[in-house]
Amino acid sequence: MTNRLMICAVAFMPAAASQAADVVFTPPPVTDEVIVAEQTGFKWTGFYLGALAGYHWTDTETDTWRLVDKDFQLDNWLAGGFFGFNYQFDNDLVLGLEGEFDYSAGANDQTLDIIIAGVPETGTGDFDLGWGGSIRGRLGYAFDRTLVYATGGGEVATGSVTGSVPAYSLDTSEKVMLGWTVGAGVEQAFTDHLFGRLEYRYSYFPSVHHSFRWDPDFSIKASQSLLKVGLGYKF
């Protein structure tokens, strides 16, 4: 009986081995998971504020019979601040609105020839500019962290003229002048929040009339070239 079992087992083994050889193990397919990260560049959209400093070249033209020389040039420093909002479109155009305030230094101890009783007399005068500001629109194009823009809007300035000779004094007191301004500039983002700027603007203030005791028909107009640098923070 034992011999028969062994013979059957020996006879079965080649058949089992043959069937096992015909079985092929196929591992499950491996799927590589691809994660696509959205690449976003720097955006200029947002509120911002900053500080500025620069230089102004101011030309004034007065219309008064009291002064022999009616044209004056005032070149000096300025400083102030700015604030605004930008929106960057998908095509990288940037539209913004900005407000600015600044203080412009004037010129003191200037020589004036003041006409007294029909005769010019030499004296000294001060030309003070003081505080001013502007509200402007901005349109620019963003090259990632570099923004090139044009700007324009309304501007307000203050100023006064005082002068004196031994027997007479002239004082306009502080007056307000309204005008317009246009310019262009470039901004560079150093980080996601901190940026710097360089800007040039031209401002013009049409003739403003004031009546004084010493000249009822006094008027003045002015123009300015302004070069400014600034450092800002974008929220």
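Here the residue numbering is sequential within each chain, running from 1 through the sequence in written order. With the structure being a predicted model, the display of local features is reserved for residues of pLDDT at least 70 and the display and counting of side-chain atom pairs for 80 or more, all residues being used for whole-chain, interface and lining totals. With hydrogens and water stripped out, all remaining heavy atoms of the structure feed into the side-chain values.

Caption draft 1: Structural view of the nonpolar core. With 22 residues, the main nonpolar core has Ile114, Phe127, Met177 and Trp214 as its most contacted residues. Only DSSP runs of H or I reaching four residues or more are called helices, and only runs of E reaching two or more are called strands; each is numbered from the N terminus. Those elements that place two or more of their residues in this core are strand E2 (71-88), strand E4 (107-116), strand E7 (146-165), strand E8 (168-171), strand E10 (194-212) and strand E11 (215-234). The biggest single contributor to this core is E4, with 4 residues. Beyond its immediate stretch of four places on either side in the chain, phenylalanine 127 contacts Phe72, Leu74, Gly106, Ala107, Gln110, Leu112, Ser160 and Val161. As used here, the term nonpolar core means buried Ala, Val, Leu, Ile, Met, Phe, Trp, Tyr and Cys residues forming a set that is joined through side-chain atoms within 4.5 Å. Burial classification: accessible surface area is computed with a 1.4 Å probe over protein chains only, and a residue below 20% of its type maximum counts as buried, one above 50% as exposed, and the rest as partly exposed. Membership of the second largest hydrophobic core comes to 13 residues, among which are Trp44, Leu78, Phe82 and Ala142. Should any heavy atoms of two residues lie within 4.5 Å, those residues are considered in contact.

Caption draft 2: View of the confidence of the model for the protein chain. For the protein chain, the average pLDDT comes to 86, and 83% of its residues sit at 70 or higher. Of all the helices and strands in the protein chain, helix H1 (residues 2-22) carries the lowest mean pLDDT, 49, while strand E3 (residues 93-104) carries the highest, 98. Every residue is assigned a pLDDT by the predictor, reflecting its confidence on a scale from 0 to 100. Under a pLDDT of 50 for its full length, residues 5-12 has, in the predicted model, 0 contacts with residues more than four places off or in other chains.

Caption draft 3: Local environment of the packing of aromatic side chains. Pairing of aromatic side chains here covers Phe, Tyr and the six-membered ring of Trp, requires ring centres within 6.5 Å, and sorts the geometry by plane angle: under 30 degrees stacked, over 60 edge-to-face, intermediate tilted. This structure, assessed with the given rule, holds 16 aromatic pairs. Their ring planes at 70 degrees and their centres at 5.4 Å tell us that tyrosine 103 and tryptophan 131 sit as a pair that is edge-to-face. Highlighted residues: tyrosine 103 in strand E3 and tryptophan 131 in strand E6 (residues 130-143), separated in sequence by 28 residues. Between the aromatic rings of tryptophan 180 and tyrosine 204, the centroid separation amounts to 5.9 Å while the plane-to-plane angle is 40 degrees, which identifies the pairing as tilted. Pair noted here: tryptophan 180 is in strand E9 (residues 175-189) and tyrosine 204 is in strand E10, with a separation of 24 residues, a long-range link. A ring is scored as having a charge over it whenever the NZ atom of a lysine or the CZ atom of an arginine sits within 6 Å of its centre and within 35 degrees of its normal. Geometry around tyrosine 149 places arginine 138 over its ring, the cationic atom sitting 4.3 Å from the centre. The ring of phenylalanine 82 has arginine 197 lying over it, and the distance from NZ or CZ to the ring centre is 4.0 Å.

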